[in-house]
Amino acid sequence: MTPISIAFLPLTDSAVLVAAKEQGFAAEAGLDLNLVRSTSWATVRDRLVYGQVQAAHMLAPLAVAVTLGLSQQPAPLVAPFRLNLNGNALTLSPEFAAALDPVLANRVEDPVATAHDFASAIGMHRRKPVIGVVHRFSTHALMLRYWLGFAGVDPDRDLTLRVLPPSLMVEALRAGEIDGFIAGEPWNSVAVAEGLGQIAAFGSRLWRRGVEKVLAMRADWTETRPEALDALLVALDRSAAWCDAPENHPALAAMLAAPAYVNRPVEVITPALSGRLVLGRGEPPLSEPDFLMLHREAANAPSPDHGLWIYSQFVRWGMVEASDAAQAAAAAVFRPDLYRRAVVDRTLPGPVEGFFDNRPFDPARIDDYVGAFKPGQA
């Protein structure tokens, strides 16, 4: 058996990794899979960069940022597998959410109107709102910026974005330290169940097929261990198919609820898997079948275009200076060639699309996209 250690955070979208171990898909591929539970995305990053683990459950933009050296010395990473599409939500305190549409389902179903309501709520709030984000370099944070920018909000001027580990969001909301947060499940459902928050937006409505977590690895490891890499990707693909099957969701929720993994009750893990989420305490569940996608519609296949979209947002918000080298490096993080080498019968994803504003993303005109689209411009 080939030992492989993978760092992960206790989130519902770690499902493919957990099932690969617990359902035996990794063992059947000749792998002794060790899942290393971590407390923050910074810890996951450091464990991977400094060789404590061979792979990581990682925010897609963080893999790009590490490669570009935006938070430490550059460390080339690759992402040959996407662990999920979508899976996050924006949860607001009832006090702040009171300025939005009083019908909670309307907030989620009309993200354009909710973005404008959010912009108006900022002016009525007693102070500059504080919104928790799981990492500066996360799809969550980039989507929040994109969405609010559409409504004329400058997130760097009009909000305070506070970085917190996902598992601490609910406690920060309880303490009044933040007015809301955008994070993956089950933490939105935990906040709702405890009466501390209301879900105001689904990530799947802001970007209908948004890249979320990836399997990240150091580039040098993938080059020296091709057999182990191929075996791991095959095991994860089988696991992802198992996880996406509705008949397996009760067993999957029970696995994730274990102390070694998410360590939360089954009833707050199940909503993301079933696509039926409660938006506020006492509300009926709202159906969102695409809330978390683990296998279908080429969910696991990486695309360089996703790296280009992430790069465009980094440039837009002043996180990196535009350059041909940075653009090429961001695209190169996503490795469909490695995926297709191992998983030969799966299709690759289509173009980046599905944003709430219906604005297309054309990688061939990335400079125009970055330069023209500023807060307040549709």
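Read on for a plain summary of the structure. Nothing here was measured: the structure is a model prediction, and the numbers come from that model.

For the rest of this paragraph, the subject is the packing of aromatic side chains. Per the counting criterion, the structure on display carries 13 aromatic pairs. Taking 5.5 Å as the distance between ring centres and 25° as the angle between the ring planes, the aromatic pair formed by Trp309 and Phe355 counts as stacked. With Trp309 in helix H17 (residues 304-316) and Phe355 in the loop between helix H19 (336-342) and helix H20 (366-372), the pair connects residues that are 46 residues apart, well separated along the chain. In this structure, Trp309 and Phe355 share a single accessibility class: buried.

This part covers the pairing of strand E1 (residues 2-8). Burial runs high along E1: five of the seven residues are buried. As paired strands, E1 and strand E2 (residues 31-37) are joined by seven bridges and run parallel to one another. What sits directly across from Thr2, in E2, is Leu31. Across two bridges, the pairing between E1 and strand E3 (residues 55-59) is parallel. Within E3, the residue paired with Ile6 across the bridge is Ala55.

Ordered in space as E8-E7-E9-E6-E10, the five strands form an open sheet in which the pairing is mixed. Strands with a single pairing partner mark the edges of an open sheet, and in this sheet they are strand E8 (160-163) and strand E10 (198-202). Between one strand axis and the next, the sheet turns by 25° as a mean value, whatever way the strands run. In this sheet, E10 lies alongside strand E6 (residues 88-92) in antiparallel orientation, the contact comprising four bridges. Following the sheet pairing, Leu90 is matched in E10 by Ala201.

Pairing between sheet strands relies on hydrogen bonds along the backbone, with the strands arranged either parallel or antiparallel. Strand order in the open sheet formed by five strands is E2-E1-E3-E11-E4, and the pairing between neighbours is mixed. Across the chains shown, the open sheet's two edge strands, defined by having one partner strand only, are E2 and strand E4 (77-82). On average, adjacent strands in this sheet sit at an angle of 30° to one another, irrespective of strand direction. When E3 meets strand E11 (residues 213-218), the two strands line up antiparallel, connected through four bridges. Residue pairing in the sheet places Leu59 in a bridge with Lys213 of E11.

So, about the nonpolar core. Formed by 87 residues in total, the largest nonpolar core has its most connected members in Met58, Leu90, Phe118, Trp147 and Phe314. Broken down by element, the residue count for this core peaks at eight residues, all from helix H8 (residues 139-150). Leaving out residues up to four positions away in the same chain, Phe314 has contacts with Pro61, Val64, Ala65, Leu68, Leu70, Phe137, Leu142, Met319 and Val320. With 60 residues, the next largest nonpolar core counts Phe25, Leu35, Ile199 and Tyr339 among its residues.

Across the junction of Glu185 and Pro186, the peptide omega takes the value 15°, indicating a cis bond. With respect to the helices, strands and loops of the structure, Pro186 is situated in the loop between strand E9 (180-184) and helix H11 (187-193). A positive phi is found at Asn86, a non-glycine position, where the angle reads about 60°. For Asn86, the position within the fold is in strand E5 (residues 85-86).

This brings us to helix H3 (residues 41-49). Along H3, the residues that are buried comprise Trp41, Val44, Arg45, Leu48 and Val49. Buried positions in H3, seen along its axis, are confined to an arc of 125° and lie on one side of it. Looking at the buried side of H3, the elements it contacts are E1, E3, helix H4 (60-68), E4 and E11. Among the residues trailing H3, Gly51 stands out with phi positive, at a value near 80°.

Rules used in this analysis
Residues numbered from 1 in each chain as written. Predicted model: local features only at pLDDT ≥ 70, side-chain atom pairs only at ≥ 80, totals over all residues. Heavy atoms only, no water. Phe/Tyr/Trp six-rings, centres within 6.5 Å; stacked < 30°, edge-to-face > 60°. Helix = DSSP H or I, 4+ residues; strand = E, 2+ residues; numbered from the N terminus. Buried < 20%, exposed > 50% of the residue type's maximum accessible area, 1.4 Å probe, protein only. Pairing = 2+ DSSP bridges. Axes fitted to C-alpha atoms, helices over the stretch in contact; angles between N-to-C directions. Core = buried A, V, L, I, M, F, W, Y, C linked by side-chain atoms within 4.5 Å. Contact = heavy atoms within 4.5 Å. Arc of directions from axis to C-beta.

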